[in-house]
Amino acid sequence: MDRNILRVDTLVTHTDRSPGAPADVAPVLHQTATFRAPDDDTFRQMAGAPRHDGYYTRDGNPTLSAVESLLASLEGAQSCLLTASGMGALSTAVLGIVRHGDHVVAQRSHYMGTTQLLGEVLPRFGVDASIVDEADPDAMAAAVGSRTRLILVETPANPLLRLTDLARVAELGRRHGVLTLCDNTIGTPVNQQPIALGIDLVVHSATKFLGGHHDLMAGAILGSRDLVQQIWRSHVVLGAVADPFAAWLLLRGMRTLALRVQRQNQTALRLAQHLAGHPKVARVHYPGLPSHPQHALAARQMPGGFGGLLSFELQGGFAAGNAFVNAMRIPARAVSFGGFESLATQPAAMWSGSIGDDAARAAGISPGLIRFSVGLEHPDDLIADLDRTLAVI
Ligand code: PLP
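Residues numbered from 1 in each chain as written. Predicted model: local features only at pLDDT ≥ 70, side-chain atom pairs only at ≥ 80, totals over all residues. Heavy atoms only, no water.

Peer 1: Please give an account of the site of the ligand that cites residues and values.
Peer 2: Not every one of the 15 residues close to the ligand is listed here, only the nearest: Gly86, Asp183, Ser205, Thr207 and Lys208. Asp183 has a polar side-chain atom sitting 2.6 Å from a nitrogen atom of the ligand. The separation between an oxygen atom of the ligand and a polar side-chain atom of Lys208 is 2.9 Å. Of all the cavities here, the one that holds the ligand is the second largest pocket. Counting residues per element, the shell around the ligand draws most heavily on helix 4 (residues 86–95), at three residues. Residue classes in the shell around the ligand are distributed as six nonpolar, six polar and three charged. (Near = heavy atom within 4 Å. Polar contact = N/O pair within 3.5 Å; in protein donor to acceptor, adjacent residues only side chain to side chain. 1 Å grid on protein atoms, 1.4 Å probe; cavity = no way out; pocket = protein on both sides within 12 Å on 5 of 7 lines; lining within 4 Å. Sits in = over half its atoms within 2 Å of the grid points. Helix = DSSP H or I, 4+ residues; strand = E, 2+ residues; numbered from the N terminus. Nonpolar A, V, L, I, M, F, W, Y, C, P; charged D, E, K, R; others polar.)

Structural data, given as structure tokens:
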């Protein structure tokens, strides 16, 4: 079976039937830290083979390999490296690439942890970053200099769902011989394929849509065999290795990835349209709305759908946002996103404490902003709950 021509819906259900693969239809969980070697020669061979998945789990593990091979096929990548979390993927990928004295170009709108990696961790190792407006390709091009080693983007970006033109970023990177990396956590491979657009590396927080059940932490790095192999050399030392059980849960969750994300796309679009007409809502951020300033780019770049995450600004600022999260009944007040149950948070309450009020404001986070992760509930029930909540605040 040629995996290259299969659609995401089919790929996620596919079980490895290559010669020598286990006969189990459901994958085997290899919950072990280490593996027995039958003799000296085999032991030496295992010890010297990079990414061997039957030697020591920090180097590799068959359950991790099963997830890696599925994810690689979903993203159209030659290779995948599973990690313990999304931040494990981001920090390992970046630290596996940059050297002292290098420069990184990144966006204004990034997940908070990525902003901290760029602003707090990398400078301690002599790596500086230029932060540019993701919607301004000229600013990004102007920021690339002779020391630039990496362009780091996230699209749609957390929490304002701003977009970055991936084809232009890929072209910019190629022109300057600079590596490009896209965080595809919010987009998911169901909706967009950065590698097909020319991006070198993709990272995921698999904790979110890929896992889909709010029950695991994991991350992934995807790209060419050579690049992922290079990053693995740092990974095996940095040690953000996924636990086999988390990998097994992830594989189980990914069986329904296409189904879940398609439903989340549909419901999120309905909620966004509904909220856009509500008098207590000042602004809705969702790439699927024609009012989104980058809607044309979204339609081009996200052929599968516009995603299951949206955010909106309430009239009435912080107090209104706070009242909203207190009054809602269906979504849980919890961080994270992408799972079966809807979640809603007020980013100003969550981010200011971590990065400070000024940095939160600079990242465009207004006090009355609500981030809403759409789950698998019936859309009519979610709309009814939104209307009821908005009526009481
Ligand atoms: N990337 C994005 C876009 C995220 O939203 C997050 C977490 O919210 C991460 C990466 C980090 O992932 P994790 O929490 O799995 O470390």
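Peer 1: Any chance you could break down the nonpolar core for me, citing the residues and the numbers?
Peer 2: With 36 residues, the main nonpolar core has Val67, Leu71, Leu74, Leu82, Leu222, Leu250 and Met254 as its most contacted residues. For this core, the elements supplying multiple residues, two or more each, are helix 1 (8–11), helix 3 (62–75), strand 1 (79–83), strand 7 (219–223), helix 10 (244–254) and helix 11 (257–276). The dominant element in this core, judged by the number of residues it contributes, is helix 3, at six residues. Taken domain by domain, this core gets at least three of its residues from each of domain 1 (3–30 + 61–254) and domain 2 (257–392). When neighbours within four sequence positions are excluded, Leu71 is seen to be in contact with Cys80, Leu82, Leu210, Ala220, Leu222 and Met254. Counting residues in hydrophobic clusters, the runner-up holds 28 residues, among them Ala268, Leu271, Leu289 and Ala344. (Core = buried A, V, L, I, M, F, W, Y, C linked by side-chain atoms within 4.5 Å. Buried < 20%, exposed > 50% of the residue type's maximum accessible area, 1.4 Å probe, protein only. Domains from an automatic or database assignment. Contact = heavy atoms within 4.5 Å.)

Peer 1: A description of helix 11 should follow, citing residues and the corresponding values.
Peer 2: For helix 11, built from 20 residues, the straight-helix expectation of 28 Å at 1.5 Å per residue is met to within 8% by its first-to-last C-alpha distance of 28 Å. Three or more residues of helix 11 are buried, namely Leu257, Ala258, Arg260, Val261, Gln264, Asn265, Thr267, Ala268, Leu271, Ala272 and Leu275. (Expected span 1.5 Å × (residues − 1).)

Peer 1: Kindly report on the confidence of the model for the protein, identifying the contributing residues and their values.
Peer 2: Per-chain confidence: the protein averages 95 in pLDDT, with 98% of residues scoring 70 or above. Per-element averaging of pLDDT across the protein places helix 15 (residues 357–362) at the bottom with 74 and strand 7 at the top with 99. (pLDDT = per-residue confidence, 0-100.)

Peer 1: Tell me what's going on with the domain arrangement of the protein, and back it up with residues and numbers.
Peer 2: Under the domain assignment used here, the protein contains domain 1 (3–30 + 61–254) and domain 2 (257–392). A straight line from the C-alpha centre of domain 1 to that of domain 2 covers 24 Å. Taken together, the contact pairs 41 residues of domain 1 with 42 residues of domain 2. Buried surface at the junction of domain 1 and domain 2, both sides included, amounts to about 3,300 Å², of which 65% is carbon and sulfur. Per-residue buried area on domain 1 facing domain 2 is highest for Asn191, Phe209 and His214; these three make up 22% of the total on that side. The interface formed by domain 1 and domain 2 contains 17 residue pairs in polar contact (both at pLDDT 80 or more). Within the residue set of the side of domain 1 that touches domain 2, elements represented by two or more residues are helix 1, helix 5 (112–121), helix 7 (166–176), helix 8 (188–191) and helix 10. Of the residues forming the side of domain 1 that touches domain 2, the biggest block, four residues, is contributed by helix 8. A class-by-class count of the residues in the side of domain 1 that touches domain 2 yields 20 nonpolar, 16 polar and five charged. (Buried area = accessible area lost by both parts, 1.4 Å probe.)

Peer 1: Tell me what's going on with the sheet that holds strand 11 (residues 369–373), and back it up with residues and numbers.
Peer 2: If you walk across this open sheet you meet the four strands as 8-9-11-10, and the pairing is antiparallel. Taken across any chain shown, the strands that pair with only one partner, and hence form the sheet edges, are strand 8 (281–285) and strand 10 (343–345). Across the sheet, the mean angle separating the axes of adjacent strands is 20° when strand polarity is ignored. Of the pairings in the sheet, the one linking strand 8 to strand 9 (residues 309–314) comprises four bridges and is antiparallel in character. Bridge pairing links Val284 to Phe312 in strand 9. On top of the sheet, helix 11 reaches strand 8, strand 9 and strand 11; it is set at about 15° to strand 9, its chief contact. Helix 13 (residues 317–327) rests against strand 9, strand 10 and strand 11 of the sheet, and its axis sits at about 130° to strand 9. (Pairing = 2+ DSSP bridges. Axes fitted to C-alpha atoms, helices over the stretch in contact; angles between N-to-C directions.)

Peer 1: Can you explain unusual backbone geometry? Please cite residues and give values.
Peer 2: Each neighbour pair has its own omega, and for Thr155 with Pro156 the value is -15°, a cis peptide bond. Within the secondary structure layout, Pro156 lies in the loop between strand 4 (148–154) and helix 7. Along the chain, Asn158 connects to Pro159 via a cis peptide bond; the corresponding omega equals 5°. One can find Pro159 in the loop between strand 4 and helix 7. Positioned with a positive phi, Thr188 is a non-glycine residue whose angle comes to about 65°. By secondary structure assignment, the location of Thr188 is in helix 8. On the accessibility criterion, Thr188 (1% relative accessible area) is buried. In this structure, Ser336 takes a positive phi of about 80° despite not being glycine. You can see Ser336 is positioned in the loop between helix 13 and strand 10.

Peer 1: Before we move on, can you summarise the sheet that holds strand 4 with the specific residues and values?
Peer 2: Ordered by their spatial adjacency, seven strands build an open sheet running 1-7-6-5-4-2-3, and the pairing between neighbours is mixed. Of all the strands in the sheet, the pair left with one neighbour each is strand 1 and strand 3 (128–132). Along the sheet, successive strands turn relative to each other by an average axial angle of 20°, direction set aside. Note: strand 5 (residues 179–183) against strand 6 (residues 201–205), three bridges, orientation parallel. Across the sheet, residue Leu181 finds its bridge partner in strand 6, namely Leu201. On the sheet, helix 9 (residues 225–238) packs against strand 1, strand 4, strand 5, strand 6 and strand 7 and is oriented at approximately 25° with respect to strand 1.

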